[in-house]
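Descriptive analysis of the structure
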Amino acid sequence: MKKKQWFIKRKGFKPKRSILTKKLFLKAFLILLVFVVYTYLFVFHPAIQIKEVVIKNNVESSAQETQKAANSYLKSIFLINKITIKEAILKQILIISEVNIKKDFPDRLIIEVKERQPAALLTQDGQTLFFIDKDGIVFKKATSTDIGLALILDKKNLTKELLSSIWQIEKT
């Protein structure tokens, strides 16, 4: 019994302190909290929110239609996902073939579009005509045949190579 008392006396018995009461932990927690608050305020500050969307190179497609397709994805300039906006525009507006998005800090987004060029006219019933581009994508209803484009009567045998050939011939 005496031996046990000597061991406790010599080593000492201190109750463990909680990690929340240690000064180093409290300082680190406060620094982290201040960092998170400042980051949040910086990212969501009204000066960093996108206020203006500039759409360039659109001739056939309307700027309002392009902006409407992109609006649901617009927020802070740091949080926008260019790929998602690009996919939404390409999916909703068939006449646009390419989209390039640039951030113009602090509050502007520039969307450059490239529109499809008609390579031929496509008809299946002989009356309704559609424009088709060099990749074989039908993108717009045509109004008349006096445009001077090749007329394709059936899309079954239509290939990308054939359309590319038609496109090259019509360019020359």
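Residues numbered from 1 in each chain as written. Predicted model: local features only at pLDDT ≥ 70, side-chain atom pairs only at ≥ 80, totals over all residues. Heavy atoms only, no water.

1. Observations concerning the sheet that holds strand E4 (residues 120–122)
Heads up, the condition is: Any two strands with at least two DSSP-identified bridges between them are counted as paired. Only DSSP runs of H or I with at least four residues qualify as helices, and only runs of E with at least two residues qualify as strands; both kinds are numbered from the N terminus onward. Angular values range over 0 to 180 degrees, each being the angle between N-to-C directions of two axes fitted as lines to C-alpha atoms, with helices fitted over their stretch in contact.
Spatial strand order, E6-E5-E4-E7: four strands in an open sheet with mixed pairing. At either margin of the open sheet sits one strand with a lone partner, and together these are strand E6 (138–141) and strand E7 (150–152). Going across the sheet, the axis of each strand differs from the next one's by a mean of 35°, ignoring polarity.

2. Some thoughts on the sheet that holds strand E1 (residues 52–56)
Applicable threshold: In this analysis, two residues are considered to be in contact whenever any of their non-hydrogen atoms come within 4.5 Å of each other.
With mixed pairing, the three strands of this open sheet are ordered in space as E1-E3-E2. Every interior strand has two partners, whereas the edge strands, E1 and strand E2 (96–104), have only one. Shown here is a sheet whose adjacent strand axes are inclined to one another by a mean of 20°, direction ignored. Pairing analysis gives five bridges linking E1 to strand E3 (residues 108–115), with the strands arranged parallel. Across the sheet, residue Glu-52 finds its bridge partner in E3, namely Arg-108. Along the sheet, helix H3 (residues 63–71) makes contact with E1, E2 and E3, crossing E1 at roughly 130°. Docked against the sheet, helix H4 (residues 82–92) engages E2 and E3, running at close to 150° with respect to E2.

3. Some points on the packing of aromatic side chains
How two aromatic rings sit relative to each other is given by the distance of their centres and the angle of their planes. Basically, it comes down to this: Ring geometry is summarised as follows: Phe, Tyr and Trp rings, the Trp one being its six-membered ring, pair when their centres sit within 6.5 Å, and such pairs are stacked at plane angles under 30 degrees, edge-to-face over 60 and tilted between the two. Only protein chains enter the accessibility calculation, which uses a 1.4 Å probe; a residue is then buried when its area is under 20% of its type maximum, exposed when over 50%, and partly exposed in between.
Summed over the entire model, instances satisfying the criterion amount to five aromatic pairs. When the centroid spacing of 6.4 Å and the interplanar angle of 20° are considered together, the rings of Phe-25 and Phe-29 count as stacked. Here the residue Phe-25 and the residue Phe-29 both occupy positions in helix H2 (residues 23–43), the gap between them amounting to four residues, near one helical turn. Overall, Phe-25 belongs to the partly exposed group, its relative accessible area being 32%. Between Phe-78 and Phe-105, the ring centres sit 5.8 Å apart and the planes meet at 35°, which makes this aromatic pair tilted. Of the two residues, Phe-78 is situated in the loop between H3 and H4 and Phe-105 in the loop between E2 and E3; the sequence distance between them amounts to 27 residues. A connected cluster of aromatic rings, assembled from ring pairs, spans Phe-42, Phe-78 and Phe-105.

4. Observations concerning unusual backbone geometry
A cis amide bond, omega 10°, links Phe-105 with the succeeding residue Pro-106. Tracing the backbone shows Pro-106 in the loop between E2 and E3.

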